[in-house]
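# Tertiary structure, described
Spelled out from the first residue to the last, the chains are:
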Amino acid sequence: MAVDDLSGLREFKADLHIHTCLSPCGDWEMSPRDVIRRSREAGLDLIAICDHNSSENAGAAMREGLRAGLAVLPGMEVCTREEVHILALFEDLNQALAMQEFVYTGLSGENRPEVFGYQVVANEDNEVVCENPRLLIGATRHSLEQVVRRTHALGGLSVSAHVDRPANGIINQLGFIPPDLELDGVEISYRIPLAKARERFPLIGALPCITSSDAHFLKDIGRAATVFRMAAPRLREIGLALRAEQGRGVLS
Amino acid sequence: MNVKEMVEHFGLQPATGKKGLEREVKAGYCGDLLSEIMANAPPGCVWLTVQGHQNIVAVAVLREMAAVVLTGGRAPDEETVRKAEQEGIPILTGPHSAYDLAGRLYAAGVGKPAAA
């Protein structure tokens, strides 16, 4: 899959939107360790852990990724005040945890596991650490603009999630993509080929597009993935690829 | 008025089975932002919304609603129907706008304060 050439750039197959058992709707089997194992089986070179409004399983996934030889970025799928889902992607765990602190300040309510599902924090050895008591299915009080701004201030990338979807996609929630919102890109769900995204959803305009699995079950990991041409599986490189700078780019 | 009577009176179409049709409709609530509904919808209400995805069932269970009506001719996702049947929450559909149906429900006495 990954082809070296003279430029030092190669292809990376990335699935940048994967949930774990921390998400209330995430399957119990989505432990950080098994997510990593399945991602490797699916031939992915790079993944990001994006649970709902929380990054509490990202650290375990990153440590397991290191052990297993898979690049793992910490992230989060933030639900904004407008109930738009936005991926916040980071390089370092501390950035993601700072984002989590920001999101938590606007998140109220307690989870009802029997209604919304269990929210399991697990370590890289497949042991339950605790249950997250917050209402992670809820929305933070911070607006879309505040979430994007904070993501950038912390050094992250802001990608509007599953823009083709009626549930919590930005186009359905707002009717359009605000032109002054400084998104780094948009994500198309696995249901639509990446190459068709702009044609099917003209409101995407000139924003860079990626696709990812949004997996809540192990079997769904990698059902959609984005092939980036870049130098390394790092956040900065993804930024360059989204902006098509320095020879980097989104291939498919 | 119970859910079954409401269905007949306003010409609504049940998307789910018979479970929950005997529930009393004690109040009404309109809205499409799930977080707001989760915080404010009164127990025993009929909830009028355009959202048809599965999270509406969890919200309806949480707020102990009588039923959910998808307005404007919208249809629920298959997964929504499956979960709603599991939980015994009637999902109804109808051509009315939320404004129109809420007005009719209120005029019929749903959620109207008892006359002094």
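As the structure is a prediction and not an experimental result, all values here were calculated from the model.

The next thing to look at is the overall build of chain A. Each helix and strand in chain A was counted, giving eight helices and 11 strands. At 17 Å, chain A has a C-alpha radius of gyration in line with the 18 Å of a compact globule built from 252 residues. Projected onto its principal axes, the C-alpha positions of chain A cover 50 × 40 × 30 Å. Burial status across chain A gives 53% buried among its 252 residues. Within chain A, contacts between residues separated by at least 24 positions form 69% of all contacts whose residues are at least 6 apart in sequence.

Here we come to the sheet that holds strand β10 (residues 226-230) of chain A. All names here are of chain A. Pairing is mixed in the open sheet, where nine strands are placed in the order β9-β8-β7-β4-β3-β2-β1-β10-β11. Every interior strand has two partners, whereas the edge strands, β9 (209-211) and β11 (249-250), have only one. Note: strand β1 (residues 10-18) against strand β2 (residues 46-52), three bridges, orientation parallel. Bridge pairing in β2 links A14 to L46. The sheet strands contacting helix α2 (residues 58-68) are β2 and β3 (71-79), and the helix crosses β3 at an angle near 160°.

So, on to unusual backbone geometry. All names here are of chain A. In this structure, E83 is a non-glycine residue whose phi angle is positive, near 60°. When you line up the elements, E83 lands in the loop between β3 and β4 (85-89). Using a count of 23 C-beta atoms within 10 Å as the deciding quantity, one classes E83 as buried. One non-glycine residue with positive phi stands out, namely H162, at about 25°. Tracing the chain through its elements places H162 in the loop between β7 (157-160) and α6 (170-174).

Cut-offs and rules
- Residues numbered from 1 in each chain as written.
- Chains lettered and ligands numbered in written order.
- Predicted model: local features only at pLDDT ≥ 70, side-chain atom pairs only at ≥ 80, totals over all residues.
- Helix = DSSP H or I, 4+ residues; strand = E, 2+ residues; numbered from the N terminus.
- Rg over C-alpha atoms; globule rule 2.2 N^0.38 Å.
- Buried ≥ 20, exposed ≤ 12 C-beta atoms within 10 Å, placed from the backbone.
- Contact = placed C-beta atoms within 7 Å.
- Pairing = 2+ DSSP bridges.
- Axes fitted to C-alpha atoms, helices over the stretch in contact; angles between N-to-C directions.

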